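Below, each chain spelled out in residue letters.
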Amino acid sequence: MNGDHLDDLVTVNRTSVNINYQKKDDPTFDNVTITTPIADHDPNWSIAAGDLDGNGYMDLLYGGGGGATFMLANNSETTNPEKNYATSFTENSPAINIFSQRTNFIDINNDGLLDAFVCHDVNANVYFINDGNGGLITHQVNDGNSVDLGVLGRNYATLWVDYDNDHDVDVFISKCGGAPDATKNRMYRNNGDGTYTDVSVVSGLNSSIQTWSSAWGDFDNDGFMDVMVGASSGTNEFMRNNGDGTFTNITAGSGFDTFTNTSHEYIAHDFNNDGFVDVYASGYILTNNGDMTFTKSITDYGRGAVGDLNNDGFLDLFNGGSLKINDNTEGNWIKVNTIGTTSNLNGIGARVEIKSALGTQIRDIRSGTGFKYMSSLTAHFGIGADTAIESVTVYWPSGNVDMIENPSINGTLNITEGTAALRVNDKLLTGVSIYPNPVEEELTIQSKLDLEKSIISVFDLQGKKVINSRFTSNKINVSKLESGIYYLRIIQESKEVRFKFIKK
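Let us look at the structure shown here. (Residues numbered from 1 in each chain as written. Predicted model: local features only at pLDDT ≥ 70, side-chain atom pairs only at ≥ 80, totals over all residues. Heavy atoms only, no water.)

**Observations concerning the pattern of salt bridges**
Taken as a whole and assessed by the stated rule, the structure comprises 11 salt bridges. Note that K335 is salt-bridged to D308, the shortest N-O span being 2.8 Å. In this pair, K335 is assigned in strand β27 (residues 332–339) and D308 in the loop between β24 (305–307) and β25 (316–319), connecting sequence segments 27 residues apart. Residue classification places D308 among the buried positions, given a relative accessible area of 1%. (Salt bridge = Lys/Arg side-chain N within 4 Å of Asp/Glu carboxyl O. Helix = DSSP H or I, 4+ residues; strand = E, 2+ residues; numbered from the N terminus. Buried < 20%, exposed > 50% of the residue type's maximum accessible area, 1.4 Å probe, protein only.)

Here it is in C-alpha cells:
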C-alpha cells in the first residue's frame with residue numbers, strides 16, 4: 001500500500017480503511033486506520049487496488065450492487081520516513097448504475113496510465129479511462145466510444161490475461177446463466193491497436209458452464225496460460241492452451257472433474273514452491289502434481305486473499321480478520337516486483353517470465369482476480385529444488401522488455417522498467433529487413449530466420465504501441481496508420497531488431 005513492495009493486510013468498510021503494514025524483517029505489523037469520506041457504494045461484491053495517479057500509494061476500487069466507488073490515497077506521513085503511509089483518502093463515485101461483480105485495474109488504452117474496469121451483472125460492462133489529470137472518463141461498453149467487451153448482462157467476472165503470448169492483455173468473461181444468449185463465456189483478443197475481437201468460438205472457450213470465476217495459470221509450464229473454469233453449479237472445466245489460439249478440454253482425469261465443491265472464486269498460485277501452479281477454491285488447495293492432474297487438500301478458508309505476509313517466500317492466506325501463515329519450508333523461490341516508468345507504476349498488465357532447470361514459468365501482473373478479496377501484485381515463483389535461475393524477463397505493457405540474467409534466488413527482485421542490468425535490445429536479431437519504405441498499405445518483412453514465435457510491434461514517435469501481434473505473416477497492414485514516422489520492432493526470444501519506416 002505504500003510502495004515498499006511488502007504485502008500489507010487491508011480491510012475496508014464504508015467509512016474507513018484499516019491497513020496492517022508489513023515490517024521488513026519483523027513478524028509484526030503497523031496497524032493504521034484511516035477514516036474516509038462515506039463511500040456511496042459498499043465494497044460488498046468486489047475490490048481492486050492500483051496506483052491510479054502514480055503518487056506511490058495504492059488507490060482502491062469498491063464494487064457494490066448499485067455502482068463503483070474509488071478511494072484515492074493522498075499525502076504521506078512525513079515525520080517518520082520509516083512510516084511512509086498515506087494519511088487520507090478522497091472519495092469518487094461516478095454517477096452510473098452498475099451491479100458490480102468483478103473490478104479490475106488495467107491500462108485499457110495502453111497510454112501508460114492505469115484505468116479501471118467494472119464487470120456489470122445486468123447490463124453492459126463499464127470502464128473508466130484515466131485522463132492523466134486526476135479525472136476518470138466513464139464509458140459503458142458499446143456506447144459508440146468503446147470496444148465491444150461484454151455487451152450482454154450476466155457478466156460475473158472479468159480477468160485480464162495474455163492468452164496468446166503477444167504481450168498485450170486479453171479479456172476472459174465468466175458468465176452465469178440468464179437469457180440463452182447470455183450463458184456462454186466470452187474470450188476477447190486484444191488486437192494491439194485499441195480494438196478487441198470476440199474469439200470465444202474459435203478458441204473453444206465459449207462453454208455455457210455456470211461460472212463466477214476462472215483460474216488462469218500456466219499449469220504445465222509450456223509457456224502458455226491455461227484456464228480452470230470453476231463451476232458455481234454443475235461441473236468444472238479444465239482447458240489446456242494449445243499455443244495456437246485454441247484450447248482443449250482435458251477435465252476428465254484431471255481431478256477437477258471429481259472436485260464437486262463450488263465457489264465464487266478460483267485463483268492460481270504456487271503454494272508449495274514446487275514450480276507448478278496450484279488452484280485455491282472453496283476451502284481447498286488443489287495441488288498441481290506436475291502432470292496436469294490435481295490433488296485437493298483442506299485450507300479451512302472458503303475464500304481469501306493470497307500474498308506473502310511474512311516475507312519468507314511462501315504464500316499465505318488472509319480471510320476477513322484472520323491470517324493463515326504457510327508453514328512450508330521446502331522449495332526455493334523468487335519474487336518479482338514490477339515498477340513501471342513508461343508503463344503504469346504498478347506494472348499491471350506486464351508478463352514476467354523466468355527460466356531455470358525446471359523450465360520456463362510465466363506470471364501476468366493482475367489487479368482483481370477475486371471478488372471480496374484482492375491478492376498481491378507481486379509475481380511469485382517457486383522453483384522447487386533448482387538452485388539457480390537463468391534469467392528473469394519482464395514484457396511491459398508499453399512494449400519495453402527488460403531481462404536480468406542469473407539473479408539471486410530466495411529473495412525479491414525489484415525491476416524498474418528500462419533499467420535492468422541487461423536489456424533485450426542489447427542482443428541483435430540479424431538477417432531481417434523490411435520493404436517498401438516509405439509504405440502505403442502493407443509492410444513486408446524479409447527474413448532468413450523462422451520468425452514463427454516472434455512478436456511484431458509498431459510504435460509512433462512518442463513511443464506509443466500502435467500495432468502488436470504474434471508473427472503470422474510476413475506482411476503487416478499499416479493502412480490505418482496516419483502519415484508519419486514509425487518504428488517496427490521484432491522480438492524473438494532474447495533478441496530484437498528495430499526498423500524506422502515512413503507511412504505515406
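Alright, that's what it looks like, and here's the rest.
**Looking at empty space enclosed by the protein**
In this approach a probe as big as a water molecule rolls over the atoms, and the regions it shows empty are the leftover space. Summed over the entire model, instances satisfying the criterion amount to five cavities of 30 Å³ or more. Here the largest cavity is characterised by a volume of approximately 400 Å³. Residue assignment for the lining of the largest cavity shows that the elements contributing at least two residues are β16 (211–217), β20 (266–269), β24, β29 (359–364) and β30 (379–384). When its residues are assigned to classes, the lining of the largest cavity shows 14 nonpolar, 10 polar and eight charged. Of the volumes computed, that of the second largest cavity is approximately 60 Å³. Around the second largest cavity, the lining residues are N104, F105, I106, L159, W160, I348, G349, I365, R366, S367 and G368. Only β8 (100–106) and β12 (155–161) provide two or more residues apiece to the lining of the second largest cavity. Counting residues per element, the lining of the second largest cavity draws most heavily on β8, which supplies three residues. (1 Å grid on protein atoms, 1.4 Å probe; cavity = no way out; pocket = protein on both sides within 12 Å on 5 of 7 lines; lining within 4 Å. Points joined across faces, edges and corners; volume = space filled by probe spheres on them. Nonpolar A, V, L, I, M, F, W, Y, C, P; charged D, E, K, R; others polar.)

**A look at the sheet that holds strand β41 (residues 495–503)**
What the four strands build is an open sheet, ordered β38-β37-β40-β41; its pairing is antiparallel. Looking at the sheet topology across the chains shown, the edges are occupied by β38 (465–470) and β41. Neighbouring strand axes in the sheet, compared pairwise and without regard to direction, differ in orientation by 15° on average. Two strands pair when backbone bridges link them, and strand β40 (residues 484–492) and β41 are joined in this way by nine bridges, in the antiparallel orientation. Paired with L488 across the strands is F499, a residue of β41. (Pairing = 2+ DSSP bridges. Axes fitted to C-alpha atoms, helices over the stretch in contact; angles between N-to-C directions.)

**Re the layout of surface pockets**
There is about 1,500 Å³ of room inside the largest pocket. Mapped by element, the contributors of at least two residues to the lining of the largest pocket are β14 (186–190), β28 (351–356), β29, β37 (455–459), β38, β39 (475–477) and β40. A total of five residues in the lining of the largest pocket trace back to one element, the largest contributor, which is β38. A breakdown of the residues in the lining of the largest pocket according to their chemical character gives 16 nonpolar, 17 polar and 16 charged. Taken as a whole, the second largest pocket spans an internal volume of roughly 880 Å³. A per-element tally of the lining of the second largest pocket places strand β1 (residues 9–13) first, with four residues.

**Considering a nonpolar patch on the surface**
Taken together, the side chains of L461, I485, Y487 and I502 define a hydrophobic patch exposed on the protein surface, amounting to about 340 Å² of accessible area. As for its position among the elements, Y487 is in strand β40. The class for Y487 is partly exposed, based on a relative accessible area of 32%. (Patch = residues over 30% accessible without salt bridge, like charges linked within 9 Å, V, L, I, M, F, W, Y side chains within 5 Å. Areas by Shrake-Rupley, 256 points an atom, 1.4 Å probe, with all protein chains shown as cover.)

**Comments concerning the environment of Y487**
Residues Y487 and F499, spaced 12 residues apart in sequence, show a C-alpha to C-alpha distance of 5.5 Å. Excluding residues that lie within four positions of it along the chain, Y487 makes contacts with S457, V458, F459, L461, F499, K500 and F501. (Contact = heavy atoms within 4.5 Å.)

**A closer look at unusual backbone geometry**
Residue P436 is bonded to the preceding Y435 through a cis peptide linkage, with omega at -10°. With respect to the helices, strands and loops of the structure, P436 is situated in the loop between β35 (432–435) and β36 (442–447). Here the residue pair N437 and P438 is connected by a cis peptide bond, since its omega of 10° sits within 30 degrees of zero. Among the structural elements, P438 can be located in the loop between β35 and β36. Look at R154: it is not a glycine, yet its phi comes out positive at around 60°. Structurally, R154 can be placed in the loop between β11 (136–140) and β12. You can call R154 partly exposed: its relative accessible area is 32%.

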